Structures are given as structure tokens and as C-alpha cells.
Amino acid sequence: MKALVLSGGTGSRLRPFSYSMPKQLIPIANKPVLQYVLEDIRDLGVTEIGVIVGEREPEIAAVLGDGSALGVHVTYLRQDLPRGLAHCVALARDFLGDDDFVMYLGDNMLPQGVREAADEFRLLRPAAQVVVQKVADPRAFGIAEVGPDGRVTRLVEKPVEPAGDLALIGVYFFTSAVHLAVDSIRPSARGELEITDAIQWLVTAGAEVRAHEYGGYWKDTGRVEDVLECNSELLDKITYRVDGDVDAHSVLIGDVVVESGARVVRSFVQGPAVIGAGSLVEDSHIGPHTSVGRDCELRGTHVDHSIAMDGASLSGLHGVHGSLIGRSAAVSSADRGNPHHRLVVGDHTRVEVAA
């Protein structure tokens, strides 16, 4: 089995961050989303991974390299413009050959992994298998209508009157049968080759298409709120570890990770929280569900339920909650008594918060 990871999207819902970085590289608990995806695929025993990239290929390649650091081999496949998920399959035809493959959206987080789905696909080998999860509002998703035997009978994109509540969550397993389906469909009204149309073609042609219901945590990290929620979910799984320096005037409570080279000085840190390598936290209060990236500086700042990306600097801020601070951004305030609540600051931005 091979893998196809889709990382060419523009991430319009994550602006301003997606202006300066691929959305798939947004850090969750100090690790890029795309790294979690590749690790999940590797844990399925799949090591040959094609990554669909767009104009952000250099930035993605700088993080993933050839994949050897993660125990996989990465082949980059360039897509000039977003032309649909099925177009990605067509683009990867030579790479995939006639092998079975898993297709995985590169901005999806499924921390519990999809091993059960992979095992079921390998056992039954339907032409296609979609991974689904029950959702509260099926009208906002692509929905699989599934019979009692687990076979998909119909796929509907954002149905007005849903006949079911099983949403497609961005992981698909295919045999080589999908290539004929992709060759047989036409672009949708929005001008893209839709993978749902290809799978529906298989259903209509009488091929076996099955659904596997995923019971773990799933989040499409397409919005700031989703990124922060996912960060909290993953931080809840960390365990206490201090590899950096914590002075005698500081207090750590709960599951806190202080990475090598990080320093905590006269500060209070309540976990779950992670302080990245090379960062300085001084005279500050770090509350739960906070990720501080590498080489950050936090001075006289109170922050919780937030992410500060690599190189960020926060000074004199009070009551920062539910915030996302970009790479090498500098945020300061002259009035430490004024709560600043939610901040969304893009990469390399300098902001002085008004008192």
C-alpha cells in the first residue's frame, strides 16, 4: 500500500497565517499538522508517501525533507492550481501505479489513528472505503448513506435534507479501480474533479464501496478555533517532563513539558502546557492548554488556552485567552492591568496592544 497526502490547499479560513505559511504546517502542541498525518500513515506500515503540493512546496519540503527523519520516503507531486481531490489522484497516477493506497487530507487531525480502518480495508479489499464519523449537522458535510451491511449506497455533498449523519472526514482507501472512476467523471459546477463523484461512479457501476466509522477525535484544522481546540485535545495527552531549566522561584503544576534549552524564570506554569526548546518564560503566568513554540520570549505575560508559534515575543500582556500568535510576531502592551483576551496575530507582525 502507498499513501497520497493532499497539501496543496490555500487555507483561506486560516488567514492571516495562511498568507505566510501552508495551513498544513500550523503547529499543534508544537508539531506541524502534516507531521502528525505522516506519522499516522507510517504507523499503518505505509512508507511510500506522495505529497501533493502547490506553490508552497519549498516550505513543506523544508519541514518534511525526504521523509527519512520520520521513517518514510516522500515524493512531492506538484499541482499548479487546486483542481479537486480526484484530480490529485489523476496527477499521482504514475506514482501510485496499480497499488492500493490511502488518501489523507493534510490538514486533518485524527490523533487515535486509522489503523482499524486500514485493517478492515486490507481484509475486505473493496474498491473503495471511506472513513466516516457521525456529526450533529450533516448539512455541512459530504454524507455517506450506508446500508446495514456497511456498504455505501450513495454519497451526497451537503444535503439539504440529509438521509444520514455519517460525514466523510478526509481519509479514503482505494484499490486501482478508482483510476477508471476518475477517468470517467467530469468537473463539477465549481470546475473541480470531485472525489465524491468518483466514488459515486464506483457505487453506480456496482463496485463494492464500504464505510468505516471512526470513533476517535477528529478535527479539520481549517479555522483558528479548530486549531486551538485541537491543541487542547493533544495537550491533554502529554506527561510531565522537564529537560530545560526551571529556577527555584518558579512553580509548575500538572503535566508540563519544558523542552531542552528552555528557561522558566520566576513564573507559574499550569499544565497541560508545553514550553518549546530555547524559549524564555520570565515573570509570567502560563495557564492550561498553552503551547509556546521554540525560541519564544514571554515576559510579564499571562496567557492561557493559546498558541505562540516559533520565535514569538509577548511582553506585558495580561489575560490573553484563546489566542494564536504567529511566527516571530512581537506583541507588547504598556498596561499590564488591562486584559487583552483574544489575539490573532500573523507571522512577523509587530503589535502594541492599546491600554
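Given the structure is predicted, the values throughout are model-derived calculations rather than measurements.

Student: Hey, could you run me through the pairing of strand β1 (residues 2–7) in this one?
Tutor: Remember that side chains alternate between the two faces of the sheet whenever the strand is regular. Most of β1 is tucked away, with 6 of its 6 residues classed as buried. Alternating positions in β1 separate into two faces, Lys2, Leu4 and Leu6 on one and Ala3, Val5 and Ser7 on the other, with burial throughout. One ladder, built from 5 bridges, connects β1 with strand β6 (residues 101–105); its direction is parallel. Note that in β6 the partner of alanine 3 across the bridge is valine 102.

Student: How should the pattern of salt bridges be read in this particular structure?
Tutor: Any two side chains of opposite charge can pair, given that their charged atoms come close. Enumeration over the complete set of coordinates arrives at 25 salt bridges. For the salt bridge of glutamate 208 with arginine 210, the shortest nitrogen-to-oxygen distance reads 3.3 Å. On the basis of relative accessibility, which here comes to 27%, the residue glutamate 208 falls in the partly exposed class. The salt bridge involving glutamate 233 is made with lysine 237; its shortest N-O contact spans 3.0 Å. Put simply, Arg266, Glu282, Asp283, Glu297 and Arg299 are held in one network by salt bridges that share partners.

Student: When you look at the nonpolar core in this model, what are you seeing that I'm missing?
Tutor: One broad trend across soluble globular proteins is that nonpolar side chains are buried collectively. Leu4, Met103, Phe174 and Ile195 are the most contacted members of the largest nonpolar core, which totals 35 residues. One finds Val5, Ile49, Val131 and Ile143 within the second-largest nonpolar core, a separate group that totals 33 residues.

Student: What is the right way to look at the side chain of aspartate 40 in this model?
Tutor: Mapping aspartate 40 onto the fold places it in helix α2 (residues 33–42). Of the buried charged residues, aspartate 40 lacks a salt bridge, with arginine 115 as the closest side chain of opposite charge at 7.5 Å. With residues near it in sequence (within four places) discarded, aspartate 40 still touches Tyr104, Leu110, Gly113 and Val114.

Student: Sorry, what's going on with the sheet that holds strand β30 (residues 330–333) here?
Tutor: Whether parallel or antiparallel, the strands of a sheet pair through hydrogen bonds between backbone atoms. Overall, parallel pairing links the 7 strands, which are arranged β15-β18-β21-β24-β27-β30-β33 in an open sheet. Each having just a single partner strand, β15 (245–246) and β33 (350–353) make up the two edges of the open sheet. When β30 meets β33, the two strands line up parallel, connected through 4 bridges. The residue bridging serine 332 from the neighbouring strand is glutamate 352, located in β33.

So, how was this worked out
Residues numbered from 1 in each chain as written. Predicted model: local features only at pLDDT ≥ 70, side-chain atom pairs only at ≥ 80, totals over all residues. Heavy atoms only, no water. Buried < 20%, exposed > 50% of the residue type's maximum accessible area, 1.4 Å probe, protein only. Helix = DSSP H or I, 4+ residues; strand = E, 2+ residues; numbered from the N terminus. Pairing = 2+ DSSP bridges. Salt bridge = Lys/Arg side-chain N within 4 Å of Asp/Glu carboxyl O. Core = buried A, V, L, I, M, F, W, Y, C linked by side-chain atoms within 4.5 Å. Lys, Arg positive; Asp, Glu negative; His and termini not counted. Contact = heavy atoms within 4.5 Å.

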